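Chain residues, written in single-letter form:
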Amino acid sequence: MPDTELANMALGAAIGAADLFYTEQSDVEKRVTGAMLAANTANYLSGLSTTTTLTDSNLIYVNQTTDKAITAANLRLDMQKNTRCIYARDYGAVFDGKMVKNVTITNTSAVISSTDYTFTSADEGKRFVIKLAENSTVYLLNADSTVMAGTIVSTSGGSATLSINMRTSTTTAVIYFGTDDTAAIQAAVNAGNPTDAALGASGTWRNTEYAAVILPAGMTLITAQIVVRPCVSIIGQGKFSTWVKWASPTSMATSGYYAAFAGVQANGSTRIYKDVQFRSFRIDMSAAYTTVYSYHAKCVEIVFTMRLCAIDMYFESSPATSFGCDYVAGGLVYGCTFENAGRLWSAGGGGGSGIDFQTDDGNMFISNFTLTGDPDSHIISGNIFINCAVSAIRNTNDNTSVRLARNVIANNLIYSNLSTGKGIEDSGNTGAIIVNNTLYHAGTAQSSEGPGGSEGQHFWGGILVTGGQRGIIANNAIHGGWYDGIRLMRFEKAGATNMPDYYLVTGNNVSGNTRNGLRLDIDSTYTATSITATGNEFYLNGEAGVAVSNSGTGGTVEFLDLSNNRIYDNGATTATDALKSGIYINTTVTGLNIVGGYYYDGGPATQKYGITVDTVAVTSAHLNAIKMNQNVTQAVNLTGGGTIAGEIYNNPGYNLGAATITVGASPYTYTAGATPEMVYIRGGTVSDIAKDSITIGTATGMQVMLRPNESVVVTYTVAPTMVKDRK
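Residues numbered from 1 in each chain as written. Predicted model: local features only at pLDDT ≥ 70, side-chain atom pairs only at ≥ 80, totals over all residues. Heavy atoms only, no water.

A. Focus on the overall build of the protein chain. Of the regular secondary structure elements, the protein chain holds 5 helices and 64 strands. In the protein chain, buried positions account for 54% of the 727 residues. (Helix = DSSP H or I, 4+ residues; strand = E, 2+ residues; numbered from the N terminus. Buried < 20%, exposed > 50% of the residue type's maximum accessible area, 1.4 Å probe, protein only.)

Spelled out as structure tokens, the structure:
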């Protein structure tokens, strides 16, 4: 019985068993009958027959403390308490869709047939789309390249006549058909917040009511976008139980559709889609198409939103991004599956990711709370991403300055076999926490950078961070044909100068990438500061395990710590000798600390050097206890005039050995280089040997131990012979 009918009943009215409904925890409606009540002995109704009329005198429920009789007034009150739970079925939604496999279709004929399914008159008038085979992604098209989507005209046993003639023949086609529930679902959403007009004048969104629209289990076909309303959640019965399938014959680009579910209004700057949740259903866009690619062709698109949630959702085959949100504050995406996002994406086009959270210059005003270009943090956790064209997760700031937000991206599985794309991109956000993710690339290795274009596809790779500061990348497993496993670089918006400063990269396992395991990409004329990469494992990458390089000339890194990493078997595919290194440096570094670590070639004979410094100067270095004696050629490779100055000692494999010192005029000051040195003084006539202005000897025949950059002064009348032994 609908809520309104029960609410209008007079007190004491007789209630038939067939008129009662109850709602289980799963939100599935069921009719209560006398038989059901009779089976519930806890409610003292064991004596009722299946046709007994129920009155308030024989209905009893169990309170926590005492038993009370249920009256019509009680029932009316209880129902009113749940009126904000809106059932799509009450507004005409049917969710009766079917998928029939191995359908025979014939070129130029509208008749289809199946040996597995018997069509009935109840199927007539239902909408359909058809694809070539169960494992195919190709849907049948009309002569004008629009999707072949029509209706079932008539049925006869195992055959049905469609409204459109087929344009090919096969016996393995798959037909999806069912009632078009677009209008019914939209009506339910509107009922959830009736005071919020579809477009609404400025400020009308403040007059909101909270509700949840319940979608039943089953498949439905929709042919136009569902316009969401603030404070209205849309909840199904599970991402593999409730299935919303796009079945419109019209191009999403030319029709003006934004998405299957959209919160995009002309007055967006004054309208906030707050507290909207998508939960436990599947949005299937595999039959959607665009004649001209549009980044609006999404599963969900919402702008100006706060506390937006997607939980236990299945986003499938969106032409552009699956879950796209601009000007978003406080988003939560948990336990969702994203498959084939950006299915129709083309190089240089926008969108094309699994998740795309971003902001732009502008403000959001929410009651007494103002967000001015700096949205709150988001949590993206426990999701599965398969074959996303551009990024699995793209969280970007389109301002020209870094956004103050700490986003958590954790425990996600990202799988790709595409030659395009990034796993995770976080751009222009302060304090991102990217932890415990698994990124696996199983397909053709990415052999080039990403294309330019709107929304900047920029560069491919596993994890890409541009300009975000004080972030953490920890305990991620990144394997396969990504361009670079992890890449930190300058924030690329026009005029922005922000580098990924104060970043911590630790505990990651990075292997098998086309280029570098970790790349610090320092743009020309800019300085990156205080980056720490420690306790990681980089191996079997095509170029260096760790590369500190620049996109052109110039650029500086200061206060770089690369301690305690295990780096081995890199340089797997590169033909450039210097890149066959554990660590490759070709941008100026001021302040390099490496204490501990193991760099080696374990058998493939590809990692020739432990550390290479190419062309540039590394100053204020402290290199200690790095085991580098098992690389193919040598521990340290200084090429193209590259130098290291500082303290370098106790590194197995890097022993510069003995060399003669050319003695200058008395008193002669000798200063040790970057390594500890034992200086031997022999022969000549020596009157004083001093360190730190303190005499330590007055005759030749001494040996003096110098720490890196420490000096000894020798005063003589006849020059002695001096030899240094570098440790």
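On we go.
B. Molecular detail of the nonpolar core. Judged by nonpolar contacts, the single largest core of 103 residues is most densely connected at Phe261, Phe278, Ile283, Phe315, Phe323 and Leu592. The contact partners of Phe323, leaving out residues within four places of it in the chain, are Phe278, Val300, Leu308, Ala310, Phe315, Val333, Phe338, Gly354, Ile355, Asp356 and Phe357. Residues Val103, Tyr117, Phe119 and Leu140 belong to the second largest nonpolar core, which totals 18 residues. (Core = buried A, V, L, I, M, F, W, Y, C linked by side-chain atoms within 4.5 Å. Contact = heavy atoms within 4.5 Å.)

C. View of helix H4 (residues 182-192). Of all 11 residues in H4, 8 are buried; the element is thus mostly enclosed. Along H4, the residues classified as buried are Thr182, Ala184, Ile185, Gln186, Ala188, Val189, Ala191 and Gly192. Close packing links the buried residues of H4 with strand S7 (85-87), strand S14 (211-214), strand S15 (218-222), strand S16 (226-227) and strand S17 (232-235).

D. How the structure looks around the sheet that holds strand S57 (residues 657-661). Sheet architecture is open: 4 strands sit in the order S57-S64-S59-S62, paired in antiparallel fashion. Both edges of this open sheet fall to S57 and strand S62 (702-706), since each of them pairs with a single strand only. Each strand axis lies, on average, 20° off the axis of its neighbour in the sheet, ignoring direction. Taken together, the 5 bridges between S57 and strand S64 (residues 721-726) define a ladder with antiparallel strand orientation. Note on S64: the bridge partner recorded for Ile661 is Met722. (Pairing = 2+ DSSP bridges. Axes fitted to C-alpha atoms, helices over the stretch in contact; angles between N-to-C directions.)

E. Expanded view of the confidence of the model for the protein chain. Looking at the protein chain, the pLDDT average stands at 83 and 79% of residues meet or exceed 70. Of the regions scoring below 50 in pLDDT, residues 60-68 engages in 16 contacts with residues more than four places distant in sequence or in other chains. Throughout residues 199-204 the model reports pLDDT below 50, and contacts reaching past four residues in sequence, or to other chains, amount to 12 contacts. (pLDDT = per-residue confidence, 0-100.)

F. Examining the sheet that holds strand S9 (residues 111-113) more closely. The strand order around the closed barrel formed by 6 strands is S8-S9-S12-S11-S10-S13, and the pairing between neighbours is antiparallel. When strand polarity is set aside, the average angle formed by the axes of neighbouring strands in this sheet is 45°. When strand S10 (residues 127-131) meets strand S11 (residues 149-156), the two strands line up antiparallel, connected through 3 bridges. Within S11, the residue paired with Phe128 across the bridge is Gly150.

G. Expanded view of the packing of aromatic side chains. Evaluated as defined, the whole model comprises 18 aromatic pairs. Each member of the aromatic cluster is reached from another via a ring pair, and the members are Phe261, Phe278, Phe281, Phe315, Phe323, Phe338, Phe357 and Phe385. Over the face of the ring belonging to Tyr649 we find Arg707, whose NZ or CZ atom lies 5.7 Å from the ring centre. (Phe/Tyr/Trp six-rings, centres within 6.5 Å; stacked < 30°, edge-to-face > 60°. Lys NZ or Arg CZ within 6 Å of the ring centre and 35° of its normal.)

H. How the structure looks around the layout of surface pockets. Taken as a whole, the second largest pocket encloses approximately 300 Å³ of empty space. Taken together, 20 residues form the lining of the second largest pocket, with Lys131, Glu134, Ser136, Tyr176 and Glu316 sitting closest to its centre. Elements with a contribution of two residues or more to the lining of the second largest pocket: strand S8 (98-105), strand S13 (170-178), strand S18 (242-246) and strand S21 (282-284). Residues belonging to the lining of the second largest pocket are distributed by class as follows: 5 nonpolar, 6 polar and 9 charged. (1 Å grid on protein atoms, 1.4 Å probe; cavity = no way out; pocket = protein on both sides within 12 Å on 5 of 7 lines; lining within 4 Å. Points joined across faces, edges and corners; volume = space filled by probe spheres on them. Nonpolar A, V, L, I, M, F, W, Y, C, P; charged D, E, K, R; others polar.)

I. Representation of the pairing of S17. With burial as the criterion, each face of S17 is covered, one bearing Val232 and Ile234 and the other bearing Ser233 and Ile235. Across 4 bridges, the pairing between S14 and S17 is parallel. Looking at the pairing, Ala212 lines up with Ser233 of S17.

J. View of the pattern of salt bridges. The tally for this structure, following the rule as stated, stands at 17 salt bridges. A salt bridge links Lys245 to Asp284, with the shortest nitrogen-to-oxygen separation between them at 2.7 Å. Note that Lys245 is positioned in strand S18 and Asp284 in strand S21, a separation of 39 residues in sequence. Accessibility assignment for this pair places Lys245 and Asp284 in one class, buried. For Lys691, the salt bridge is made with Glu710, and the minimal N-O distance between the two is 3.5 Å. Pair noted here: Lys691 is in strand S60 (residues 685-691) and Glu710 is in the loop between S62 and strand S63 (711-718), with a separation of 19 residues, a long-range link. The buried category is assigned to Lys691, whose relative accessible area is 18%. Beyond isolated ion pairs, a larger network of salt bridges with shared partners links Asp356, Arg394, Lys422 and Glu425. (Salt bridge = Lys/Arg side-chain N within 4 Å of Asp/Glu carboxyl O.)

K. Region of interest: the environment of Val100. By the secondary structure assignment, Val100 is in strand S8. With relative accessibility at 5%, the residue Val100 sits in the buried group. Val100 sits 34 residues away from Glu134 along the chain, and the two C-alpha atoms are 9.6 Å apart. In contact with Val100, other than residues within four places in its own chain, are Ser114, Tyr117, Ala173, Val174, Ile175 and Phe177.

L. Structural context of the pairing of S13. Among the 9 residues of S13, 7 are classified as buried, and the element is accordingly described as predominantly covered. In this structure, S8 lies alongside S13, joined through 5 bridges in antiparallel fashion. The residue bridging Ile105 from the neighbouring strand is Thr170, located in S13. The sheet contact formed by S10 and S13 spans 5 bridges and is antiparallel. By the bridge assignment for S13, Ile130 is matched with Ile175.

M. Focus on the side chain of Asn383. Inspection of the secondary structure puts Asn383 in the loop between strand S31 (379-381) and strand S32 (384-386). In this structure the side chain of Asn383 is engaged in a polar contact, spanning 3.1 Å, whose partner is the backbone nitrogen of Gly335. Contacts of Asn383, omitting those with residues within four sequence positions, involve Val333, Tyr334, Gly335, Cys336, Phe338, Asn411, Asn412 and Leu413. (Polar contact = N/O pair within 3.5 Å; in protein donor to acceptor, adjacent residues only side chain to side chain.)

N. Fine view of the environment of Glu647. Its location among the elements puts Glu647 in strand S56 (residues 643-649). For the pair Glu647 and Ala621, spaced 26 residues apart in sequence, the C-alpha separation works out to 5.8 Å. If we skip the residues at most four places from it in the chain, Glu647 touches Ala621, His622, Leu623, Ala674, Arg707, Pro708 and Asn709.

O. Focus on the environment of Ile585. Of note, Ile585 is situated in strand S51 (residues 581-585). Assessed through its relative accessible area of 1%, Ile585 is described here as buried. Remark: the alpha-carbon pair of Ile585 and Val548, spanning 37 residues in sequence, is separated by 4.7 Å. If we skip the residues at most four places from it in the chain, Ile585 touches Val548, Leu592, Thr612, Val613, Asp614, Val616 and Val618.

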